[in-house]
Amino acid sequence: MTYQADNDKLYRYLFKNRAVRGEWVRLNQSFKDTLNTHHYPKVVQNLLGEMMVATSLLTATLKFNGSITVQIQGDGPLSLALVNGSDDQKMRALARLQGEVRDEMSLSELIGKGVLVITITPNEGERYQGVISLDKPTITECLEDYFVRSEQLQTQLIIRTGEFNGEPVAAGMLLQVMPDGVGEEGDFEHLATLTATVKDEEIFGLSAEEMLYRLYHEETVEIYPAQNVEFFCGCTQERSGGALLLLPENEIDEILAEHNGSIDMQCECCGTHYFFNKDTIEKLRRST
């Protein structure tokens, strides 16, 4: 039986007497909302799902308020894939295609020559950016390497995407050594071996509590209250208008003339349309 109450939830958990912590997240409605206004090929959908799960798990490791952007830039058929997530688990994502995409494409075929960029932006303090080479077969493996190098802690990352009960779903788990915890040598390897046995029907269909029990029934696991995950774009008429005003005034007038006096700007993330005519543009100019 599918347990839907834990859809779009992130859980943190600790293993008693082992210096290891974990996270688990399952994206369902938030993933569907991201894909809602787009018709991405399946391979692009799954890649965005991987990136959304990774971003959610990454933001859950933040020890401050802020956001993380995970971005792929390449010269292949997929020129851009971007996910932004905040510490309160509000997420948005988009992809841009510039060529034919086939579902059987590998990561390197899809992206071509490219990089993975992770930008961490605290609400207070300086922004940090890390650039990762896409030299492994999957995004998950590239990100796992990033975790190890950036935090210098043993880290396991498991991400699954696809369909469950006919709906798109993405889920993932993170295990990480706690440097100040009390445990024994080999604890992480032992728990990582157990975690790797998780089945799709478990990570996609069970409650967090049931899944963790199946994986670690001989362990004592302390699970913390869930955090809701949701799609949130944040676009507004004012922001779209501000982007429009970056164009030269004569160019805006030309666009208005070509489109019967109305400019339609559509948000790439959520698909919302914002319309601007001569009067609304003049009001925007006076308010800036």
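Going by an unreviewed UniProt entry, the protein carries the name 33 kDa chaperonin and comes from Avibacterium volantium. The UniProt entry for the protein carries this comment under Function (unreviewed entry): "Redox regulated molecular chaperone. Protects both thermally unfolding and oxidatively damaged proteins from irreversible aggregation. Plays an important role in the bacterial defense system toward oxidative stress." The UniProt entry for the protein carries this comment under Subcellular location (unreviewed entry): "Cytoplasm".

Trainee: Tell me about helix α8 (residues 237-244), and name the residues and values.
Mentor: An α-helical segment advances 3.6 residues per turn. Residues three or four places apart therefore align on the same side. When we look at burial in α8, the residues that qualify are Ser240, Gly241 and Leu244. Burial along α8 is one-sided: seen end-on, the buried residues are contained in an arc of 100°. Seen from the open side of α8, the exposed residues pointing more than 90 degrees away from its buried face are Glu238 and Arg239. Buried positions along α8 lie against α9 (249-258), β13 (263-266), β14 (273-276) and α10 (278-287).

Trainee: Explain the packing of helix α2 (residues 42-59) against helix α4 (residues 139-151) residue by residue, including any values.
Mentor: Contact pair α2 / α4: the axes reach a minimum separation of 10 Å and the direction vectors enclose 20°. If you check the angle between α2 and α4, you find them roughly parallel. As α2 runs across α4, the sense of the crossing is right-handed. Facing Leu47, Glu50, Met51, Ala54 and Leu58 of α2, the residues of α4 in contact are Ile139, Thr140, Leu143, Tyr146 and Phe147. Its residues placed into classes, the contact of α2 with α4 shows eight nonpolar, one polar and one charged.

Trainee: Summarise helix α5 (residues 187-195); cite the residues concerned and give the values.
Mentor: For α5, the set of buried residues is Asp187, Phe188, Leu191, Ala192 and Thr195. Axial view of α5: buried residues confined to an arc of 120°, hence all on one face. Looking at the buried positions of α5, the neighbouring elements they touch are β1 (9-15), β2 (20-27), β8 (155-164), β9 (167-177) and α7 (208-215).

Trainee: Residue-level account of the nonpolar core, with values.
Mentor: Core analysis: the biggest nonpolar cluster contains 54 residues, and Ile72, Leu110 and Ile118 have the highest contact counts within it. It is α2 that provides the largest number of residues to this core, a total of ten residues. Built from parts of two domains, this core gets at least three residues from each of domain 1 (9-231) and domain 2 (237-287). If sequence neighbours within four positions are ignored, Ile118 has contacts with Leu58, Ile68, Thr69, Val70, Tyr128, Gln129, Gly130, Ile132, Leu143 and Tyr146. By size, the runner-up hydrophobic cluster in this structure holds 23 residues, among which are Tyr11, Val20, Ile158 and Met211.

Trainee: Could you give an account of the packing of aromatic side chains, naming the residues involved and the relevant values?
Mentor: When we look at a pair of aromatic rings, we describe it by the centre distance and by the angle of the planes. Counting across every chain of the model gives five aromatic pairs. Ring geometry for Tyr13 versus Tyr216: centroids 6.4 Å apart, planes at 40°, classification tilted. With Tyr13 in strand β1 and Tyr216 in the loop between α7 and β10 (221-223), the pair connects residues that are 203 residues apart, well separated along the chain. For the pair Tyr13 and Tyr216, a shared accessibility class is recorded, and that class is buried.

Trainee: Describe the pattern of salt bridges, naming the residues involved and giving the relevant values.
Mentor: Tallied over the entire structure, the rule returns 15 salt bridges. In this structure, Lys136 and Asp135 form a salt bridge, with 3.8 Å as the shortest nitrogen-oxygen distance. Among the residues examined, Lys136 registers a relative accessible area of 29% and is labelled partly exposed. For Asp135, a relative accessible area of 56% puts it in the exposed group.

Conventions adopted
Residues numbered from 1 in each chain as written. Predicted model: local features only at pLDDT ≥ 70, side-chain atom pairs only at ≥ 80, totals over all residues. Heavy atoms only, no water. UniProt positions renumbered as here; feature names shortened; annotations may be inferred. Buried < 20%, exposed > 50% of the residue type's maximum accessible area, 1.4 Å probe, protein only. Helix = DSSP H or I, 4+ residues; strand = E, 2+ residues; numbered from the N terminus. Arc of directions from axis to C-beta. Contact = heavy atoms within 4.5 Å. Axes fitted to C-alpha atoms, helices over the stretch in contact; angles between N-to-C directions. Parallel < 35°, antiparallel > 145°, perpendicular 65-115°, else oblique. Left-handed = near helix turned anticlockwise from the far one by under 90°. Nonpolar A, V, L, I, M, F, W, Y, C, P; charged D, E, K, R; others polar. Core = buried A, V, L, I, M, F, W, Y, C linked by side-chain atoms within 4.5 Å. Domains from an automatic or database assignment. Phe/Tyr/Trp six-rings, centres within 6.5 Å; stacked < 30°, edge-to-face > 60°. Salt bridge = Lys/Arg side-chain N within 4 Å of Asp/Glu carboxyl O.

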